[in-house]
Amino acid sequence: MSNLEETRKFAEEKQDEIIPQENFATSLSNEVIAHSQKDDIEKMELLLTELKDLLVKFPKSKHIQKTYGSTLLNILPVFFAHATQTDVKNKINSLRELAIEFESMILMEILAMILVNAIYDFSLINKAGSIQEFSLELSDLSRKYPKNDTIQIAGAKGMVNSTMFFVQNNDLQAAKKHYRILQRILESNPDKEMVDSFQLIQLGKYFEDK
């Protein structure tokens, strides 16, 4: 019997105990990661769904929240490479819904980090509309959670990525818009080093004459 089967069996036997459920979540996550390394999308989907169902069943477990969120964060690039853009967006939407439903700051922070990666990934295939969408959500999150360092840093990094994308695509209006959001986030966090200083200097010089 594999480790996953053992932890699943034990979790089924101990439905009222949280530790077996959390151990099962860890085993599911390990299996998802293992299958992601083989680009086995079908098996990843099945295991990720099982992990999500476990979270829905035990929404107050911070361990299961973190396990589900971090697993999705780690494997989303594989889905991006092998699944459809719609599928990737659906997974992001699902995470957002869970974060809101369970009022989970853990999931909200992971959502912010996933949005940063999504801006980068969608810039590789030149999807300006999606980048605008993800950036707007990051901007909203940075306003909503001004004291959360993880979300503030994610917001700044996302704005650097989106600003650079629009600069490279000669869309000055969109670039200026995202650069202003970046400046707002940086000004709200004056004592924190949030983004690559060289990139920041580059952008500053670019907008000096614009």
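Residues numbered from 1 in each chain as written. Predicted model: local features only at pLDDT ≥ 70, side-chain atom pairs only at ≥ 80, totals over all residues. Heavy atoms only, no water.

Visitor: So, the overall build of the protein: which residues are in play, and what are the values?
Guide: Helix and strand counts for the protein come out as 10 helices and zero strands. Listed by position from the N terminus, the elements making up the protein come as α-α-α-α-α-α-α-α-α-α. Considering only C-alpha atoms, the protein reaches an extent of 65 × 35 × 25 Å along its principal axes. Every one of the 210 residues in the protein was classed for burial, and the buried ones make up 46%. By sequence separation, contacts in the protein at least 24 residues apart represent 62% of the contacts at least 6 residues apart. (Helix = DSSP H or I, 4+ residues; strand = E, 2+ residues; numbered from the N terminus. Buried < 20%, exposed > 50% of the residue type's maximum accessible area, 1.4 Å probe, protein only. Contact = heavy atoms within 4.5 Å.)

Visitor: Give a description of empty space enclosed by the protein that names residues and reports values.
Guide: Applying the stated criterion across every chain, the model contains one cavity of 30 Å³ or more. Computed from the structure, the largest cavity encloses a volume of approximately 70 Å³. Forming the walls of the largest cavity are Leu73, Leu76, Pro77, Phe80, Val88, Ile114, Asn117, Ala118, Asp121 and Phe122. Looking at the lining of the largest cavity, the elements with two or more residues in it are helix H4 (62-82) and helix H6 (105-124). Ranked by the residues each element gives to the lining of the largest cavity, the list is headed by H6, at five residues. Looking at the lining of the largest cavity residue by residue, the class counts come to eight nonpolar, one polar and one charged. (1 Å grid on protein atoms, 1.4 Å probe; cavity = no way out; pocket = protein on both sides within 12 Å on 5 of 7 lines; lining within 4 Å. Points joined across faces, edges and corners; volume = space filled by probe spheres on them. Nonpolar A, V, L, I, M, F, W, Y, C, P; charged D, E, K, R; others polar.)

Visitor: Before we move on, could you go through the pattern of salt bridges and cite the residues and values that matter?
Guide: Taken as a whole and assessed by the stated rule, the structure comprises seven salt bridges. Ionic pairing is found between lysine 9 and glutamate 13, a salt bridge with its closest N-O pair at 2.8 Å. With lysine 9 and glutamate 13 both in helix H1 (residues 3-13) and four residues apart, the pair spans about one turn of that helix. Two residues, glutamate 137 and arginine 96, come together in a salt bridge whose shortest N-O distance is 2.6 Å. Here glutamate 137 is found in helix H7 (residues 128-144), whereas its partner arginine 96 is found in helix H5 (residues 85-101), with 41 residues between them in sequence. Among the residues examined, glutamate 137 registers a relative accessible area of 16% and is labelled buried. Where salt bridges share partners, they join Glu45, Asp87 and Lys91 into one cluster. (Salt bridge = Lys/Arg side-chain N within 4 Å of Asp/Glu carboxyl O.)

Visitor: Please give an account of H6 that cites residues and values.
Guide: Here H6 is 20 residues long and its end C-alpha atoms lie 29 Å apart, about the 28 Å a rise of 1.5 Å per residue gives. Residues of H6 that are buried include every one of Leu107, Met108, Ile110, Leu111, Ala112, Ile114, Leu115, Val116, Ala118, Ile119, Asp121 and Phe122, and no others. Looking at where H6 begins, the residue whose side-chain oxygen comes 3.4 Å from the main-chain nitrogen of isoleucine 106 is serine 104. One or two steps after H6, the chain reaches asparagine 126, where phi turns positive at roughly 60°. (Expected span 1.5 Å × (residues − 1). Polar contact = N/O pair within 3.5 Å; in protein donor to acceptor, adjacent residues only side chain to side chain.)

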